[in-house]
Amino acid sequence: MAKVESFDLDHTRVRAPYVRLAGIKETRHGDTISKYDLRLLQPNAGAISSAPLHTLEHLLAFSLRDHIENVLDVSPMGCRTGMYLTVVDDPNPEAIKVAFEQALIEVARFEDTVPGVSELECGNYRDHDLAGAKKHAQEALERGLIVQETLLIDRSSKLV
């Protein structure tokens, strides 16, 4: 069975909100693809409801592209505690943290129509909550983002 990086992360030891370099892949053409974990909530201590998470996805997809070059994707985590950011190249995690902070500030202050929210543009356009997205962005900013190191599960001493 294939190895999945996020299943090796010790979710009990990380401290959200944070930015974490989750993995780097090199393509056969020599391009570097980097995946970042943009965690808003502490794992297993809460989850962002579907509508605010969906709105965060839309707003961060636009805002992060204004602060980071070569963004491939911004997508919600299945556990609903944050987002994954995928970029071409290998930007410094501290630079990603600064960009994420700026994007969260923009989300917290956002007062316009959420981009990409129509039947033509979105697969579930009715499932949005701008007020909830703004609340989660503001709370993460108030708690303060850090760059989180990857803390692996110690499988030698635990039954997993």
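Structural data are supplied above this passage.
Scoring rules and cut-offs
Residues numbered from 1 in each chain as written. Predicted model: local features only at pLDDT ≥ 70, side-chain atom pairs only at ≥ 80, totals over all residues. Heavy atoms only, no water. Helix = DSSP H or I, 4+ residues; strand = E, 2+ residues; numbered from the N terminus. Buried < 20%, exposed > 50% of the residue type's maximum accessible area, 1.4 Å probe, protein only. Contact = heavy atoms within 4.5 Å. Expected span 1.5 Å × (residues − 1). Polar contact = N/O pair within 3.5 Å; in protein donor to acceptor, adjacent residues only side chain to side chain.

1. What about the overall build of the protein?
- The number of helices and strands found in the protein is three helices and five strands.
- Along the protein, helices and strands appear, N-terminal first, in the series β-β-α-β-β-α-α-β.
- With respect to the principal axes defined by its C-alpha atoms, the protein has extents near 50 × 40 × 30 Å.
- Out of the 160 residues in the protein, the part that is buried amounts to 41%.
- In the protein, once contacts between residues fewer than 6 apart in sequence are set aside, the share between residues at least 24 apart is 69%.

2. Re the environment of Asn70
- Along the chain, Asn70 falls in the loop between α1 (50-67) and β3 (71-76).
- Taking C-alpha positions, Asn70 is 8.8 Å from Thr86, a pair spaced 16 residues apart along the chain.
- Filtering out sequence-adjacent residues up to four positions away, Asn70 remains in contact with Thr86, Val87 and Val88.

3. Details of helix α2 (residues 93-109)
- Its 17 residues place the ends of α2 24 Å apart at the C-alpha level, agreeing with the 24 Å of an ideal helix rising 1.5 Å per residue.
- When we look at burial in α2, the residues that qualify are Ile96, Lys97, Ala99, Phe100, Ala103, Leu104, Val107 and Ala108.
- Packing partners of the buried residues in α2 comprise β1 (18-26), β2 (32-39), α1, β4 (82-88), α3 (130-143) and β5 (146-147).
- N-cap assignment for α2: the residue whose side-chain oxygen lies 2.5 Å from the backbone N of Glu94 is Asn92.

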